[in-house]
Amino acid sequence: MVSEEKRKEILERLKKGVIEFDEDMVKEAANEALEVGMDALDAIMNGLVSGMEEVGNLYEKGEYFVPELLMSADALYAGLDILKPHVKAEDIKVSGQVVLGVVEGDVHDIGKNLVKMMFEVAGFEVVDLGKDVPLEKFVEESLNTKADIVALSAMMTSTMLGMPKVIEMIREKNPNAKILIGGAPVSKDAAEKWGADGWAPDATNAVREAINLVKGLKREIMGDKSE
Amino acid sequence: MASSATDRGEKRHRIIFQPEGKRGEFPPGTTILDAARDVGVDIESICGGKLTCGKCQVIIEQGMENLSPVTEDEQRLLDKKKAGKNYRLACVTQFFGDVVVYVPEESRGGEQIILKEGVELSVSIDPAVKKYYLELSRPHLKDDLGDLERILKALKEDYGIEGVDIDFEVLRKMPDVLRNSDWKVTVSIWNDREIIDVEPGYKVEESYGLAVDIGTTTVVGYLTDLRTGEIIAVDSMMNPQVTYGEDVMSRITFAMQNPDGLEKLSSKIIDGLNKILQNTCDQAGIKTDQVSDMTIVGNTGMHHIFLKINPEHIAMAPYVPALHRSHDVKARDLGLNITEGGYVHVLPIEAGWVGADNVAVLISTEPYLQEEMWLVIDIGTNGEIVLGNKDRLMSCSAAAGPALEGAHIKYGMRAATGAIERIRIDSETLEPEYKTIGDAPPRGICGSGIIDAAAELYRTGIVSKNGRFNLDLDTPRVREVDGTPEYVIAWADETSIGHDIVMTQKDIREIQLAKGAMSAGSQILMKEMGLEKVDRVIVAGAFGNYIDKVSALTIGLVPDVPLNRIESVGNAAGVGARIALISREKRNEANEIARRVEHIKLAVHPDFEKEFTKAMFFPHMERKRYPHHEEILKLREKGVEE
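Residues numbered from 1 in each chain as written. Chains lettered and ligands numbered in written order. Predicted model: local features only at pLDDT ≥ 70, side-chain atom pairs only at ≥ 80, totals over all residues.

**Re the overall build of chain A**
Item 1. When helices and strands are tallied, chain A shows ten helices and five strands.
Item 2. Classification of the 227 residues of chain A by burial places 50% in the buried group.
Item 3. Counting contacts in chain A only where the partners sit at least 6 residues apart, residues at least 24 apart contribute 75% of the total. (Helix = DSSP H or I, 4+ residues; strand = E, 2+ residues; numbered from the N terminus. Buried ≥ 20, exposed ≤ 12 C-beta atoms within 10 Å, placed from the backbone. Contact = placed C-beta atoms within 7 Å.)

What follows is the structure, encoded as structure tokens:
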């Protein structure tokens, strides 16, 4: 069993690596965590995810901007790739399933990728349909996977017009799914008019929402340990 | 819209716009913006009523109780803009009773100015329309050859021209023209194959064409002497379609959502072009039907809307245009008032969003004739980038967003009177110096000023390379308002709008996104071409003044080159339209080049996200890509300007 001191030290490096978007630092710390027999889920939740929360805070304060978020995400994924295969199956509590993608006609997916990452670290099982996704596909996949959440993204005013169609189709066939929409042209009024359950005016706000989601869910998964 | 309901006798409410006093009566539920458009009051509306820009604020002087309630989205924008009491957004506020509305200065559209000259290029003159003077033999009983055949015979005998046809409308008027002019006429022939005009007398020296650049924001027309290539008159106007949304995408959406949307957009631009035609002809003292040829350039969206082709499919992946090649269409079919038989030549499209405007930039800068590797960047809402030389050309389109054109920037505005177009900040005192268009008191910042501001804030350390404001500086100009840092460029008492003009943290973020997309585009093209550096950079784009080379290099809007290897050429698209007007060879070249350029789809390129991330830093996260950076920074330090 790894000493509490060593555990803290490794967690600190995982966290720092994510905050300072230092992939090498993260990889090294992740490998060491496994070598010394640390619990992989502990390393993920209290190291990597904890670092991402701090990144979220810095972002909210305006210290960090999109490039820092993207780089931190890369560092986080570098660590996840190493640690995830070692998480014990019984420890994985899936918080829910998300189907997400960029609507038909639109190929801009940076915002969607950020949101996806946040869902993943929050413990969601994410089905990423990618970009330029045919509208029917959202409906099909939401049924196939029994998704709790369907998240739609659009960067262009023209492609955004596909959203109400998807919402209507999902409401008809899968009335229990929650629908989140986001992207630069989407407004709160539009979201309400189309009957979406949630919205974000742009990619950055979606991230903020996702970050809050992570915080809430992490408490659920880890209990008081993470606080 | 509102005016179409005039005759139905329904209840109508009066609206008065101050300070101009313009007024009109409209059915209940009309929005203030629609009413303003109808009575000819110019209110800024950048987002086209999508509640993102908040620029269309108006003050309700009377009739507050007759308005639709404030929605949450509207309130959010009003709060963000710190709007005072009785402020509403014109685009969403409907009136159900009489109202008096005051349009504050910052919400008014300004008079547009534009560069009237770009690069001059040597082009051999060979216009599509040429004029020939004919003195025909008068027919008599023993020479009863038909009128047209008589003209064709003379064309062959006098000029060796064969295989010519005639426009139907011209044919109809021809017999009278011949007889009223004593059989002495001037014949205009289009592309050696069609008679498009028959005029009485000797008119060979009066040969005119109009070259037009339809920009998303600005439309410019150059009345040109087809025999010399000289510009006789220039006229420009704000694209009249802006009332339906300031960017291409909102206009296309407008066309998609309204059954008569495309019709409206298209007739707006046709009316606008007829005005430009009339104005330039008035300046030159000629009649509009003396203009016998026309060329059009514009981005793919403007191109389709001008031709009244459904633009929906270019707004959706895979972004396929209706056609790539150039197209010739009778001006009368579009409703343009040049000579009745005349054609309009619309330049070709390279790929989805790399449109006829970019082809025009290419034929006016000619990177495809060079040994050296040139990078040509046309900065706009959609920044188009071309890299290459005589052997190979690649292009991409970077969705830079409208920040560099003034939208999404708190005090951003178009290049109009009172726009700050140049900014310098003293490294010691951190005090700015600025120049406005028309030397008027400032009321906002236009594109060239926005790029300058970012460059100067970064150079003087007020903003760090990651775009964050430094708040530990000893100057009242850097301050925090509601937790958002900003820099004061002009104090309220210097301005015509009565409050401080600032650059905020959010503005810098918007510039980072725009600059990041453009720069990532350049870097990816260089990588695809296998290049570490380019030999020359040409920056096109007109945002008031020419874009400052030093500023562009300072923030890394363009890839690193020594200062003497970068050139700012202004409105190169307009120059391309003029060249196509006077040179058939160049028209062919345009078609050939448009098909030769290899198009890279940036948004789906595997390296895009990485490059975009790195390119959002000033000048770039990988400093080794900017070996001349220190040198460039020092130039301004010493006050050297070129």
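**Examining the overall build of chain B**
Item 1. What chain B contains, in helices and strands, is 16 helices and 29 strands.
Item 2. Compactness check: chain B gives a C-alpha radius of gyration of 27 Å against a globular reference of 26 Å for 642 residues, within 12% of the reference.
Item 3. For the C-alpha atoms alone, the extent of chain B along its principal axes is close to 100 × 70 × 45 Å.
Item 4. Here chain B, with 642 residues, has 52% of them falling under the buried criterion.
Item 5. Restricting to contacts in chain B with at least 6 residues of sequence separation, those with at least 24 account for 70%. (Rg over C-alpha atoms; globule rule 2.2 N^0.38 Å.)

**Let's talk about the nonpolar core**
Nonpolar side chains tend toward joint burial in soluble globular proteins.
Item 1. Counting 230 residues, the largest nonpolar core has A:Val150, B:Ile377, B:Ile445, B:Ala454, B:Ile489 and B:Val539 as the members making the most contacts within it.
Item 2. Broken down by element, the residue count for this core peaks at eleven residues, all from helix 4 (residues 66-83) of chain A.
Item 3. With sequence-adjacent residues up to four places away left out, B:Ile377 is seen in contact with B:Gly383, B:Ile385, B:Met518, B:Ser522, B:Val537, B:Val539, B:Ala540 and B:Val558.
Item 4. The next biggest cluster of nonpolar side chains, apart from the first, holds 22 residues, and it includes B:Leu33, B:Ile43, B:Leu77 and B:Val92. (Core = buried A, V, L, I, M, F, W, Y, C linked by C-beta atoms within 7 Å.)

**Considerations on helix 6 (residues 135-144) of chain A**
Residues and elements named next belong to chain A.
Item 1. Of the positions making up helix 6, those classed as buried are Phe138, Val139 and Ser142. Buried residues in helix 6, looked at end-on, bunch into an arc of 95 degrees, giving them a common side. In helix 6, the exposed positions angled more than 90 degrees off the buried face are occupied by Glu136 and Asn144.
Item 2. Buried residues in helix 6 make contact with strand 1 (97-102), strand 3 (149-153) and helix 8 (163-173).
Item 3. A positive backbone phi angle near 50 degrees is found at lysine 146, which sits one or two residues after helix 6. (Arc of directions from axis to C-beta.)

**Here's the deal with the domain arrangement of chain A**
Where the parts come together, the accessible area they lose is often given as the size of the interface.
Item 1. Here the domain parsing of chain A yields domain 1 (4-90) and domain 2 (97-209).
Item 2. Between the C-alpha centres of domain 1 of chain A and domain 2 of chain A the distance comes to 27 Å. (Domains from an automatic or database assignment.)

**Points about the pairing of strand 20 (residues 393-399) of chain B**
Residues and elements named next belong to chain B.
Item 1. Most of strand 20 is tucked away, with five of its seven residues classed as buried.
Item 2. Note: strand 19 (residues 382-388) against strand 20, seven bridges, orientation antiparallel. Looking across to strand 20, one finds that valine 386 is bridged to serine 395.
Item 3. Hairpin remark: strand 19 followed by strand 20, antiparallel, with four residues in the connecting loop.
Item 4. Two elements, strand 20 and strand 29 (residues 598-600), share three bridges in a ladder whose sense is parallel. Paired with cysteine 396 across the two strands is isoleucine 600, which belongs to strand 29. (Pairing = 2+ DSSP bridges.)

**Digging into the interface of chain A and chain B**
Item 1. Opposite the 22 residues of chain A that make contact, chain B presents 25 residues.
Item 2. Taken together, the elements giving at least two residues each to the side of chain A that touches chain B come down to helix 4, helix 7 (157-160) and helix 9 (188-194) of chain A.
Item 3. Considering every element that reaches the side of chain A that touches chain B, the biggest residue donor is helix 4 of chain A, with four residues.
Item 4. For the side of chain A that touches chain B, a count of residues per class yields ten nonpolar, seven polar and five charged. (Nonpolar A, V, L, I, M, F, W, Y, C, P; charged D, E, K, R; others polar.)

**Description of the packing of helix 9 (residues 356-365) of chain B against helix 13 (residues 572-582) of chain B**
All names here are of chain B.
Item 1. Close contact between helix 9 and helix 13 brings their axes to 7 Å; oriented N to C, the two are set at 75 degrees. The orientation of helix 9 relative to helix 13 falls into the category roughly perpendicular. Contact with helix 9, carried on its side by Asp357, Val359, Ala360, Val361, Ile363, Ser364 and Thr365, involves Ala572, Ala573, Val575, Gly576, Ala577, Ile579 and Ala580 of helix 13 and no other residues of that element.
Item 2. By residue class, the composition of the contact of helix 9 with helix 13 is ten nonpolar, three polar and one charged. (Axes fitted to C-alpha atoms, helices over the stretch in contact; angles between N-to-C directions. Parallel < 35°, antiparallel > 145°, perpendicular 65-115°, else oblique.)

**Considering the sheet that holds strand 29 of chain B**
All names here are of chain B.
Item 1. Within the open sheet, the six strands sit side by side as 28-27-18-19-20-29. Their pairing is mixed. Strands with a single pairing partner mark the edges of an open sheet, and in this sheet they are strand 28 (566-570) and strand 29. Neighbour-to-neighbour, the strand axes of this sheet turn through a mean angle of 20 degrees, independent of strand direction.
Item 2. Judged from the five bridges that link them, strand 18 (residues 374-378) and strand 19 form a sheet pairing that is antiparallel.

**A closer look at the sheet that holds strand 14 (residues 231-238) of chain B**
Residue and element names in this part refer to chain B.
Item 1. Across the sheet, six strands lie side by side as 14-13-12-15-17-16; this open sheet has mixed pairing. Since the sheet does not close on itself, it has two edges, and those belong to strand 14 and strand 16 (327-330), each with one partner. In this sheet, adjacent strand axes meet at a mean angle of 20 degrees when their direction is disregarded.
Item 2. One ladder, built from seven bridges, connects strand 13 (residues 218-225) with strand 14; its direction is antiparallel. Within the sheet, the bridge partner assigned to valine 220 lies in strand 14 and is serine 236.
Item 3. Seen against the sheet, helix 9 touches strand 12 (208-214), strand 15 (291-298) and strand 17 (343-346) and runs at an angle of roughly 105 degrees to strand 15.

**Focus: the domain arrangement of chain B**
Residue and element names in this part refer to chain B.
Item 1. For chain B, the domain assignment lists domain 1 (2-107), domain 2 (129-200), domain 3 (209-356), domain 4 (366-401 + 521-635) and domain 5 (403-510).
Item 2. Using only C-alpha atoms to locate each centre, domain 3 and domain 4 end up separated by 25 Å.
Item 3. Contributions of two or more residues to the side of domain 3 that touches domain 4 are made by strand 12, strand 13 and strand 15.
Item 4. Ranked by residue count, the leading element in the side of domain 3 that touches domain 4 is strand 12, at four residues.
Item 5. Its residues placed into classes, the side of domain 3 that touches domain 4 shows 13 nonpolar, nine polar and five charged.

**Concerning the packing of helix 3 (residues 40-61) of chain A against helix 4 of chain A**
Residue and element names in this part refer to chain A.
Item 1. Contact geometry for helix 3 and helix 4: axes closest at 10 Å, N-to-C directions at 175 degrees. The orientation of helix 3 relative to helix 4 falls into the category roughly antiparallel. Contacts from Ala40, Ala43, Ile44, Leu48, Met52, Val55 and Tyr59 in helix 3 reach Leu69, Ser72, Leu76, Gly79, Leu80 and Leu83 in helix 4.
Item 2. For the contact of helix 3 with helix 4, the residue count by class is eleven nonpolar, two polar and no charged.

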